[in-house]
Amino acid sequence: MISLLSKFLAIPVISLVLVSGCTNANEKELKVNPNTSPIPAEPTTLEDLVINFDAAAYWAWKKSSIKILNSIATAKTASVEIGPNSIPDYKSPQIAIDLTSKLYSDFKQDQDLVFVYYGYQDRDWAQSKLNKYLGNYSQEWQKKQAEASCRAENDCLGGVAITHPAKPSGIVLVTASEAGKKDINHTSGTLESHEYTHIIQDDLQGKFLGQIPRWHAEGEAEFAQAAAIYHLDFTSYNVERQRIIKDLIRNPEIDKNWLIEFLNPASGLVKWQAWDKYDGWRVYDIGMLVTEILTSLKGPESTMGLSFEVGNGLSYQKAFEKIYGITWKLAVPLIADIIYAQINS
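If you're wondering where the values come from, they're calculated on a predicted model, not measured in any experiment.

Calculation notes
- Residues numbered from 1 in each chain as written.
- Predicted model: local features only at pLDDT ≥ 70, side-chain atom pairs only at ≥ 80, totals over all residues.
- Heavy atoms only, no water.
- Phe/Tyr/Trp six-rings, centres within 6.5 Å; stacked < 30°, edge-to-face > 60°.
- Helix = DSSP H or I, 4+ residues; strand = E, 2+ residues; numbered from the N terminus.
- Buried < 20%, exposed > 50% of the residue type's maximum accessible area, 1.4 Å probe, protein only.
- Disulfide = S-S within 2.5 Å.
- Polar contact = N/O pair within 3.5 Å; in protein donor to acceptor, adjacent residues only side chain to side chain.
- Contact = heavy atoms within 4.5 Å.
- Pairing = 2+ DSSP bridges.
- Axes fitted to C-alpha atoms, helices over the stretch in contact; angles between N-to-C directions.
- Nonpolar A, V, L, I, M, F, W, Y, C, P; charged D, E, K, R; others polar.
- Parallel < 35°, antiparallel > 145°, perpendicular 65-115°, else oblique.
- Arc of directions from axis to C-beta.

Some words on the packing of aromatic side chains
Reasoning step 1: The final tally for this structure, using the stated rule, is 16 aromatic pairs.
Reasoning step 2: An angle of 55 degrees between the planes, with centres 5.3 Å apart, marks the rings of tryptophan 61 and phenylalanine 234 as tilted. Separated by 173 residues along the polypeptide, tryptophan 61 in helix α2 (residues 55-69) and phenylalanine 234 in helix α9 (residues 234-245) bring together distant segments of the chain. Here tryptophan 61 matches phenylalanine 234 in class, with each residue buried.
Reasoning step 3: Note on phenylalanine 320 and tyrosine 324: the rings are 4.8 Å apart at their centroids and 40 degrees apart in plane angle, and the pair reads as tilted. Linking phenylalanine 320 with tyrosine 324, this pair stays in helix α13 (residues 316-324), spanning four residues, or about one helical turn.

What follows is the structure, encoded as structure tokens:
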């Protein structure tokens, strides 16, 4: 669940409902639970969502679902390598890759892809694959990445995506374990979707890699995994959403001022150390809600468009204003208001 710049261990994910990630040309009907509330009005501004905050989840899901069902996957077929003593928890990574590729079909996706699956006994094997892939470009923290993601037989969950600094390619290390085979995040394709989202982000940012907030990097990947894998059924998407944000619900630590500081730290948006003082999951769950809010307004292409614009030299603040038509400074308190209402309703 981490990209090239993140050295922080991913937190395992658990959800309750699994909907097939496979689609075909005839699947054009999106499922909405008739027992839920009436479909909310489509929001067009952040001010709309301050008034009707519940609209964000539905419209982010719907716009993403329509995008997937009407797009063609452009991701390359991944090369899959499996450790000699390992059995992958999920055996169809291309399904997850292609769904995510469709979600972000507006953007170039020409990377050569390698997915490496390994368990505790194959950590050295996996590390050798990563070392060979990076060659002289390997950073110090990457030289023990396989071990960091799989510290013991009973502590071996997660993944990491790394793009090559000198060519259009990405490698994803994914752990395999008995625990993973009981974890829906390891068996549904959500983990693979999450990591492939990082590959797209990092490639678009190019030489400006990491010039986006840490919560954006992880939050967008969290949203993508839910929206892609559960794109056919809003109820299933919502179950995954609730799983992601459950620790935020009526959290007494979090008020509007806390959210404003989290979203817009005084040290700036690109110094990732600014978020070290928070629980590590906050960049995932709050980031997911921000991505969902923005996607509900202008679709999934808008949030990935921020990485595209940053890669073309704009600051995150300038890119945000260009895409959403409001300054980042004015948007932050509105987003904080929406999230606070969502987690306290």
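Let us keep going from here.
Some thoughts on the state of the cysteines
Reasoning step 1: This structure, assessed with the given rule, holds one disulfide.
Reasoning step 2: Disulfide pairing is shown between cysteine 150 and cysteine 156; the S-S distance is 2.0 Å. Between cysteine 150 and cysteine 156 the sulfur-sulfur dihedral comes to about -105 degrees; the bridge is accordingly left-handed.
Reasoning step 3: Look at cysteine 150 and you get buried, because its relative accessible area is 0%.
Reasoning step 4: Judged by its relative accessible area of 2%, cysteine 156 is buried.

A closer look at the side chain of serine 302
Reasoning step 1: By secondary structure assignment, the location of serine 302 is in helix α12 (residues 300-311).
Reasoning step 2: Residue classification places serine 302 among the buried residues on the basis of a relative accessible area of 5%.
Reasoning step 3: In terms of polar contacts, serine 302 uses its side chain to reach the backbone carbonyl oxygen of glycine 299, at 2.7 Å.
Reasoning step 4: Among all residues touching serine 302, those that are not within four sequence positions of it are Leu294, Ile323 and Tyr324.

Focus: the pairing of strand β3 (residues 159-163)
Reasoning step 1: In terms of residue burial, β3 counts as a mostly covered element, since five of its five residues are buried.
Reasoning step 2: Where burial is concerned, the two faces of β3 agree: the one with Gly159, Ala161 and Thr163 and the one with Val160 and Ile162 are both buried.
Reasoning step 3: In the sheet, β3 pairs with strand β4 (residues 169-175) via five bridges, with the strands oriented antiparallel. From the neighbouring strand, alanine 161 faces β4, where its bridge partner is valine 172.
Reasoning step 4: Counting the residues that bridge the hairpin from β3 to β4 gives five residues.

Concerning the packing of helix α11 (residues 282-298) against α12
Reasoning step 1: α12 packs onto α11 with a crossing angle of 115 degrees between their chain directions and a minimal axis gap of 6 Å. In this structure, α11 contributes Thr291, Leu294, Thr295 and Lys298 to the contact, and α12 contributes Pro300, Glu301, Ser302 and Thr303.
Reasoning step 2: Each residue belonging to the contact of α11 with α12 can be placed in one class, and the counts come to two nonpolar, four polar and two charged.

Thoughts on the packing of α9 against α11
Reasoning step 1: As a packed pair, α9 and α11 sit with axes 8 Å apart at the nearest point and diverge in direction by 140 degrees. By the angle class used here, α9 and α11 are oblique. Taken together, the residues of α11 that come into contact with α9 (itself represented by Tyr237, Arg241, Ile244 and Ile245) are Asp285, Met288, Leu289 and Glu292.
Reasoning step 2: Here the contact of α9 with α11 is composed, by residue class, of five nonpolar, no polar and three charged.

Section: α13
Reasoning step 1: Taken as a whole, α13 has its buried residues at Tyr316, Ala319, Phe320, Ile323 and Tyr324. With its buried residues spanning 105 degrees around the axis, α13 presents them on a single face. Facing away from the buried side of α13, by more than 90 degrees, are the exposed residues Lys318 and Lys322.
Reasoning step 2: Considering only its buried residues, α13 is in contact with α8 (214-229), α11, α12 and α14 (328-344).

Digging into the environment of tyrosine 237
Reasoning step 1: Tracing the sequence through the fold places tyrosine 237 in helix α9.
Reasoning step 2: For tyrosine 237, a relative accessible area of 0% corresponds to the buried category.
Reasoning step 3: For the pair tyrosine 237 and phenylalanine 223, spaced 14 residues apart in sequence, the C-alpha separation works out to 9.7 Å.
Reasoning step 4: Once you skip the residues sitting within four places of it in the chain, tyrosine 237 turns out to touch Ala57, Trp61, Phe223, Ala226, Ala227, Tyr230, Met288 and Glu292.
Reasoning step 5: Within the structure, the side chain of tyrosine 237 is placed 2.6 Å from the side chain of glutamate 292, a separation counted as a polar contact.

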